[in-house]
Amino acid sequence: MSKLKRGTIGKEKRTLHPNSKKNLRLGPSSLMQGKKPKVRHNFTLFEETVKWLQKHKSASAKIDELVRQVKERQLVEIQEVPNTKQQISDLGKELKQIRSKLKKAVKLLDEALPLPTNRGGAIKEKIREALAVLN
């Protein structure tokens, strides 16, 4: 049996690469941003935060960007305008009324299309009815 240690087959003595200690001291290049080292941490996040972060290529880069924006006061708090929900509800109802009026006006104008051209009075009457519905 050979007296060589494991991992030294074909070599008399194991040696370290000159850059090995330097690489260990600096950490992996994926944890470096320029000359600043990054540090790995574990955090507990809300599920919607995790889903939002997963939509981006690098969650770490996105978090760093958010922190930068907060520090530079680029992010501001959203303030809700009073009665916004009620106003949206009212506008939705108004939109439904306008759509129903438009449907009635289109129906009246569609009735005017097949009328003969020599019956101008009847066509004008249909147009007046459609305008009255829109007003």
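Description of the structure in this document. (Residues numbered from 1 in each chain as written. Predicted model: local features only at pLDDT ≥ 70, side-chain atom pairs only at ≥ 80, totals over all residues. Heavy atoms only, no water.)

1. Structural notes on the pattern of salt bridges
Pairing between side chains becomes possible if they bear opposite charge and their charged atoms approach one another.
Inference 1: Counted under the stated rule, the structure contains four salt bridges.
Inference 2: Residues Arg-68 and Glu-65 are paired through a salt bridge, measuring 2.4 Å at the closest nitrogen-oxygen approach. Here Arg-68 and its partner Glu-65 are both found in helix H3 (residues 59-71), three residues apart, which amounts to about one turn of the helix.
Inference 3: With relative accessibility at 32%, the residue Arg-68 sits in the partly exposed group.
Inference 4: A salt bridge links Glu-111 to Lys-126; its shortest N-O distance comes to 2.7 Å. Of this pair, Glu-111 sits in helix H4 (residues 84-112) while Lys-126 sits in helix H5 (residues 120-134), and the two are 15 residues apart along the sequence.
Inference 5: When salt bridges that share partners are traced, they join Glu-65, Arg-68 and Glu-72 into one network. (Salt bridge = Lys/Arg side-chain N within 4 Å of Asp/Glu carboxyl O. Helix = DSSP H or I, 4+ residues; strand = E, 2+ residues; numbered from the N terminus. Buried < 20%, exposed > 50% of the residue type's maximum accessible area, 1.4 Å probe, protein only.)

2. Looking at H4
Inference 1: The end-to-end C-alpha distance of H4, which contains 29 residues, comes to 42 Å, matching closely the 42 Å that a straight helix rising 1.5 Å per residue would cover.
Inference 2: All of the buried residues along H4 are Ala-105, Leu-108 and Ala-112. (Expected span 1.5 Å × (residues − 1).)

3. Here's the deal with unusual backbone geometry
Inference 1: The phi dihedral of Arg-73 falls on the positive side, at around 55°, and the residue is not glycine.
Inference 2: Position of Arg-73 relative to the elements: it lies in the loop between H3 and H4.
Inference 3: With relative accessibility at 73%, the residue Arg-73 sits in the exposed group.
Inference 4: We note that Asn-83 has phi near 65°; this positive angle belongs to a residue other than glycine.

4. Some words on a nonpolar patch on the surface
Inference 1: The grouping of Ile-98, Leu-102, Leu-109, Ile-127, Leu-131 and Leu-134 at the surface amounts to a nonpolar patch, some 500 Å² of accessible area in total.
Inference 2: Counting only elements with at least two residues in the nonpolar patch, the list comes to H4 and H5.
Inference 3: Secondary-structure assignment places Leu-109 in helix H4. (Patch = residues over 30% accessible without salt bridge, like charges linked within 9 Å, V, L, I, M, F, W, Y side chains within 5 Å. Areas by Shrake-Rupley, 256 points an atom, 1.4 Å probe, with all protein chains shown as cover.)

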